[in-house]
Amino acid sequence: MKGIIFTEFLDLVEDKFGLEMVDKIINSSNLESGGIYTSVGTYKFSEMLQLLQHLSANTDISIDDLLLVYAEHFFGIIETSYPGLLATYSDPIEMLSSIENHIHVEVRKIYPDAELPTFEVLEKTDDNLVMIYKSSRAMHHFGLGLMNKTFEHFNSKASIVLEKLKEDGTEVKFVINKNL
Ligand code: HEM
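Conventions used here
- Residues numbered from 1 in each chain as written.
- Predicted model: local features only at pLDDT ≥ 70, side-chain atom pairs only at ≥ 80, totals over all residues.
- Heavy atoms only, no water.
- Donors = N, O, S within 2.8 Å, 3.2 Å for Na, K, Ca; no water.
- Helix = DSSP H or I, 4+ residues; strand = E, 2+ residues; numbered from the N terminus.
- Contact = heavy atoms within 4.5 Å.
- UniProt positions renumbered as here; feature names shortened; annotations may be inferred.
- Patch = residues over 30% accessible without salt bridge, like charges linked within 9 Å, V, L, I, M, F, W, Y side chains within 5 Å.
- Areas by Shrake-Rupley, 256 points an atom, 1.4 Å probe, with all protein chains shown as cover.
- Salt bridge = Lys/Arg side-chain N within 4 Å of Asp/Glu carboxyl O.
- Lys, Arg positive; Asp, Glu negative; His and termini not counted.
- Charge placed at Lys NZ, Arg CZ, Asp CG, Glu CD.
- Buried < 20%, exposed > 50% of the residue type's maximum accessible area, 1.4 Å probe, protein only.
- Arc of directions from axis to C-beta.
- Polar contact = N/O pair within 3.5 Å; in protein donor to acceptor, adjacent residues only side chain to side chain.
- Phe/Tyr/Trp six-rings, centres within 6.5 Å; stacked < 30°, edge-to-face > 60°.
- Near = heavy atom within 4 Å.

*Asks:* What is the right way to look at the coordination of the iron atom of the ligand in this model?
*Replies:* Geometry reference: four tetrahedral donors at a metal, ideal angle 109.5 degrees. Six octahedral donors, ideal angles 90 or 180 degrees. Its sole protein donor being H104 (NE2), the iron atom of the ligand sits 2.1 Å from that atom. Residue position: H104 is located in helix α7 (residues 99-110).

*Asks:* Teacher, can you tell me more about the environment of P117 here?
*Replies:* With respect to the secondary-structure elements, P117 resides in the loop between α7 and β1 (118-124). Taking the C-alpha atoms as reference points, P117 and F142, separated by 25 residues in sequence, lie 11 Å from one another. Setting aside chain neighbours within four positions, we find P117 in contact with E100, H104, Y133, K134, S135 and R137.

*Asks:* I'm lost on the UniProt feature "domain: Heme NO-binding" (unreviewed entry) in the chain in this one. Help?
*Replies:* UniProt's feature table lists "domain: Heme NO-binding" (unreviewed entry) at residues 2-160, given in the numbering used throughout. Between the end C-alpha atoms of residues 2-160 there is a gap of 27 Å, over a span that is 59% helix and 11% strand.

*Asks:* Just to check I follow, could you spell out a negative patch on the surface for this structure?
*Replies:* The grouping of D11, E14, D15, E20 and D23 at the surface amounts to a negative patch. The element contributing the most residues to the negative patch is helix α1 (residues 3-17), with three residues. Within the element layout of this structure, E14 appears in helix α1.

*Asks:* Help me out: how do you make sense of α7 in this one?
*Replies:* Note on helix geometry: an α-helix contains 3.6 residues per turn, so any two residues three or four positions apart are oriented the same way. If you check which residues of α7 are buried, you get I99, I103, H104 and V107. Along the axis of α7, the buried positions cluster into a sector of 80°, meaning they face one direction only. When the buried face of α7 is taken as reference, the exposed residues oriented beyond 90 degrees from it are N101 and K109. Those residues of α7 that are buried are in contact with α5 (83-87), α6 (92-96), β1 and β2 (128-134).

*Asks:* Could you clarify how one ought to interpret the side chain of D91 in this entry?
*Replies:* With respect to the helices, strands and loops of the structure, D91 is situated in the loop between α5 and α6. For D91, a relative accessible area of 17% corresponds to the buried category. Separated by 2.9 Å, the side chain of D91 and the backbone nitrogen of E94 make a polar contact. In terms of polar contacts, D91 uses its side chain to reach the side chain of K178, at 2.6 Å. Residues in contact with D91, not counting those within four places in the same chain, are F154 and K178.

*Asks:* Honestly, the packing of aromatic side chains in this entry has me stumped. Any pointers?
*Replies:* Each aromatic ring pair is specified by the distance between its two centres and by the angle formed by the two planes. If you walk through the whole model with that rule in mind, you get 10 aromatic pairs. With centroids separated by 4.8 Å and ring planes inclined at 90°, the aromatic side chains of Y37 and Y43 adopt a geometry described as edge-to-face. Y43 shares its class with Y37; the two are buried. Taken together, a centroid distance of 5.7 Å and an interplanar angle of 50° make the contact between Y70 and F142 tilted. One end of the pair, Y70, is in helix α4 (residues 63-81); the other, F142, is in helix α8 (residues 140-153), with 72 residues separating them in the sequence. This pair shows no difference in class: Y70 is buried, exactly as F142 is. Taken together through their ring pairs, the aromatic side chains of F9, Y70, F74 and F142 make up a single cluster.

*Asks:* Help me out: how do you make sense of the site of the ligand in this one?
*Replies:* Close to the ligand lie 28 residues; K2, H104, E115, Y133 and S135 are nearest. K2 has a polar backbone atom sitting 2.7 Å from an oxygen atom of the ligand. Contacts to the ligand include S135, whose side-chain N or O atom sits 2.5 Å from an oxygen atom. Where the shell around the ligand is concerned, the elements lending two or more residues are α5, α6, α7 and α8.

Right, here's the structure in full:
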């Protein structure tokens, strides 16, 4: 997992819960990196999982809710860091249906060792999109947060329903209906 995911996460934890919480979750985790991350480095996903588990235990917020809020924050980073990629699109459904064959393809060019999910489009109309998310990392709520912000970015609204196809969240169906 790329370092930028860790550095932005710890910045947000500091912002919302204070530096003591950052120290607490780092110290209670068993981290090969020692909790020192650079944005261009690559680290084990298990480190992120431990940080999330300890933050969840200390805040009583579920890991899914933490990932959702984190993704909504991370979209802001995407907007500032990759404005060109977003400018390719004028419609949220077009953008979301292009994660697999365009957006993450470009991400892979920038970060060859990125660990990305797959999104398979099952149905697509002007206002509806059905996709299957697959990833061993089960970060579907990170996806949900990015999708929420994608609609906001285009001044649009949607209802998004998740259906777990596997109990462990490694396969999830997203049913997306645009409202405006
Ligand atoms: C992961 C970039 C748009 C879904 C990632 C990672 C990066 C990235 C850098 C982390 C890879 C790693 O740590 O190894 C981007 C950029 C985007 C974009 C630059 C837009 C320009 C989206 C959108 C979605 C999405 C719109 C919507 C669903 C995900 C998910 C992950 C991920 C769910 C977590 C990894 C996993 O589940 O296995 N993306 N992304 N991305 N991205 Fe994107």
